[in-house]
Amino acid sequence: MAAKAAGEKLSKKEILVSTWRRIARNWGLYLLLLPAVVLLFMFTYIPMYGIQIAFKDFTPKAGIGGSPWVGFEHFQTFFNSFQVKSLFTNTISLSLYSLIAGFPFPIFLALAMNQIRVKRFKQTLQVATYLPHFISTVVMVGMLLVWLSPSSGLYGNLAKLFGVQEPPNILGMAGAFQSIYVWSDVWQHAGWDSIIYIAALAAVDPSLYEAATVDGAGKWQKIKYIDIPFLLPTAVILLIMRAGNIMNVGFEKVYLMQNPLNTMVSEIIATYVYKIGIISNQYSLSAAVGLFNNVINFVLLLLVNQASKKMGETSLF
């Protein structure tokens, strides 16, 4: 037994020595990784110390450590708020709408790009679909305001061209807010999001297409039996990651698109946290709401990952 125990200790020691040797041999790569690890630690893990203000009656004068402990009082305040139902409804509906409309579109775009054989046209189309991704959110919303202006915008001029003298203000219509947000987002990011799928398709062995051609398979059959199966593992991983952020709808764009006419559908958890935390100085309440929102995201990530693991072999962990 003693010899066996000594052998186990020796094997662990050998593994440790081997690990340090690999690190020493590839020290340059670890040096390149170091800035990313430092930034991750500074801006992700160190700020976790401030989570405790969600359970305290925080005041800047007393500081985090000196503020009195109140437990779950701020969580109860949020759950008893008259806005809680509309906040969850608006956030979930907008996020699901974005997921349903935006998730499959890059896949379709990648499949279509993969069928283009003229290299110059393919490169031009790829660049054209990537470029909107680099437009900042502020500029994007400004473009929407200009395009959809009922008086002087593209929408207003087209409506007047067809005989509508006083076109309705679409940006002021509550029912149109989510569609404008989602489809402008799809237009802006679909090309960029398709890059990872195009890369996955680039790894497909050309001999598979040649064999399919010999067997008489057409384009649709190649897409169905070759391209889509290769994309499924990548798509599942990205879907799991999207599910883990289902409660995190883009704050900046929603906030910039808000106006008094569409607030009833555009007020989401992210904008609510900003308004009560930064504008109203209710730091503890905003921290409690944000913490609860992140806990929901984490639970959803675990559930979707577990479901994916049971249904197939693809999962994050």
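Each remark here, short or long, concerns the structure printed above.
Residues numbered from 1 in each chain as written. Predicted model: local features only at pLDDT ≥ 70, side-chain atom pairs only at ≥ 80, totals over all residues. Heavy atoms only, no water.

S.K.: Quick question: what am I supposed to make of the overall build of the protein here?
M.R.: For the protein, the helix and strand inventory stands at 17 helices and 0 strands. Taking 20 Å as the expected radius of gyration for a compact globule of 317 residues, we find that the protein reaches 26 Å, considerably beyond that expectation. Expressed along its principal axes, the backbone C-alpha trace of the protein runs to roughly 90 × 75 × 40 Å. Excluding contacts between residues fewer than 6 apart, the proportion of contacts in the protein whose partners are at least 24 apart in sequence is 64%. (Helix = DSSP H or I, 4+ residues; strand = E, 2+ residues; numbered from the N terminus. Rg over C-alpha atoms; globule rule 2.2 N^0.38 Å. Contact = heavy atoms within 4.5 Å.)

S.K.: Looking at this structure, I do not really get helix H7 (residues 119-130). What am I missing?
M.R.: The periodicity of an α-helix, 3.6 residues per turn, causes residues three or four positions apart to be oriented the same way. Given a rise of 1.5 Å per residue, 12 residues ought to cover 16 Å, and the 16 Å separating the end C-alpha atoms of H7 matches this to within 8%. Of all the residues in H7, the buried ones are Gln126, Thr129 and Tyr130. Looking straight down H7, one finds its buried side chains confined to an arc of 100°; they lie on one side. Those residues of H7 hidden inside the fold are in contact with helix H6 (104-114), helix H10 (174-193) and helix H11 (195-202). (Expected span 1.5 Å × (residues − 1). Buried < 20%, exposed > 50% of the residue type's maximum accessible area, 1.4 Å probe, protein only. Arc of directions from axis to C-beta.)

S.K.: Any chance you could explain the environment of His133 here in plain terms?
M.R.: With respect to the helices and strands, His133 occurs in the loop between H7 and helix H8 (137-147). Sequence separation between His133 and Trp187 is 54 residues; the distance between their C-alpha atoms is 8.6 Å. Those residues in contact with His133, other than ones at most four positions away along the chain, are Gln188, His189 and Trp192. Here the side chain of His133 touches His189 through a polar contact of 3.0 Å, side chain to side chain. (Polar contact = N/O pair within 3.5 Å; in protein donor to acceptor, adjacent residues only side chain to side chain.)

S.K.: I tried to follow the packing of aromatic side chains on my own but got confused; where do I start?
M.R.: The geometry of an aromatic ring pair is captured by two quantities: the separation of the ring centres and the angle between the planes. Evaluated as defined, the whole model comprises 17 aromatic pairs. Aromatic pair Phe58 and Tyr283: ring centres 5.9 Å apart, planes at 80°, arrangement edge-to-face. Of the two residues, Phe58 sits in the loop between helix H2 (27-45) and helix H3 (63-66) while Tyr283 sits in helix H17 (residues 283-311), which places them 225 residues apart along the sequence. Look at Phe58 and you get buried, because its relative accessible area is 19%. Relative accessible area serves as the criterion here: at 29%, Tyr283 is assigned to the partly exposed category. Between Phe78 and Phe88, the aromatic rings sit 6.1 Å apart at their centres with planes inclined by 50°, giving tilted as the arrangement. With a gap of 10 residues between them, Phe78 in helix H4 (residues 73-79) and Phe88 in helix H5 (residues 84-102) connect regions that are remote in the sequence. For the pair Phe78 and Phe88, a shared accessibility class is recorded, and that class is buried. Following the ring pairs from residue to residue traces out a cluster consisting of Phe78, Phe79, Phe88, Tyr272 and Phe292. (Phe/Tyr/Trp six-rings, centres within 6.5 Å; stacked < 30°, edge-to-face > 60°.)

S.K.: Explanation requested: the pattern of salt bridges in the structure shown.
M.R.: Close approach of charged atoms allows side chains of opposite charge to pair. Under the criterion given, the structure shown has 2 salt bridges. For Lys253, the salt bridge is made with Asp185, and the minimal N-O distance between the two is 3.6 Å. Placement of Lys253 in helix H14 (residues 251-257) and of Asp185 in helix H10 is noted, with a sequence separation of 68 residues between them. Residue classification places Asp185 among the partly exposed positions, given a relative accessible area of 25%. A salt bridge links Lys275 to Glu267; its shortest N-O distance comes to 3.0 Å. Look at Lys275 and you get partly exposed, because its relative accessible area is 23%. On the basis of relative accessibility, which here comes to 9%, the residue Glu267 falls in the buried class. (Salt bridge = Lys/Arg side-chain N within 4 Å of Asp/Glu carboxyl O.)

S.K.: Explain unusual backbone geometry here, please?
M.R.: Most of the time, phi is negative for any residue but glycine, and the peptide bond is trans. A positive phi angle, close to 60°, is found at Asn281, a residue other than glycine. Structurally, Asn281 is set in the loop between helix H16 (269-279) and H17.

S.K.: Just to check I follow, could you spell out the nonpolar core for this structure?
M.R.: Taken as a class, soluble globular proteins show a tendency for nonpolar side chains to be buried jointly. Ranked by internal contacts, the top residues of the largest apolar core, which has 20 residues, are Leu94, Ile180, Tyr181, Val182, Val249, Val254 and Met257. Broken down by secondary-structure element, the contributors of at least two residues to this core are H5, H8, H10 and H14. For this core, the element with the highest residue contribution is H10, accounting for 7 residues. When residues no more than four places from it in sequence are discounted, the contact partners of Val182 are Leu94, Tyr97, Ser98 and Ala101. (Core = buried A, V, L, I, M, F, W, Y, C linked by side-chain atoms within 4.5 Å.)

S.K.: In this structure, what is going on with the packing of H16 against H17? I would like to understand it.
M.R.: Describing two packed helices takes the angle between their axes plus the distance from one axis to the other. It is at 8 Å that the axes of H16 and H17 come closest, and there the two elements cross at 160°. Here H17 runs roughly antiparallel to H16, going by the angle between their axes. Two packed elements cross with a definite hand, and for H16 against H17 that hand is left-handed. Contact with H16, carried on its side by Ile269, Tyr272, Val273, Ile276 and Gly277, involves Tyr283, Leu285, Ser286, Val289, Gly290 and Asn293 of H17 and no other residues of that element. (Axes fitted to C-alpha atoms, helices over the stretch in contact; angles between N-to-C directions. Parallel < 35°, antiparallel > 145°, perpendicular 65-115°, else oblique. Left-handed = near helix turned anticlockwise from the far one by under 90°.)

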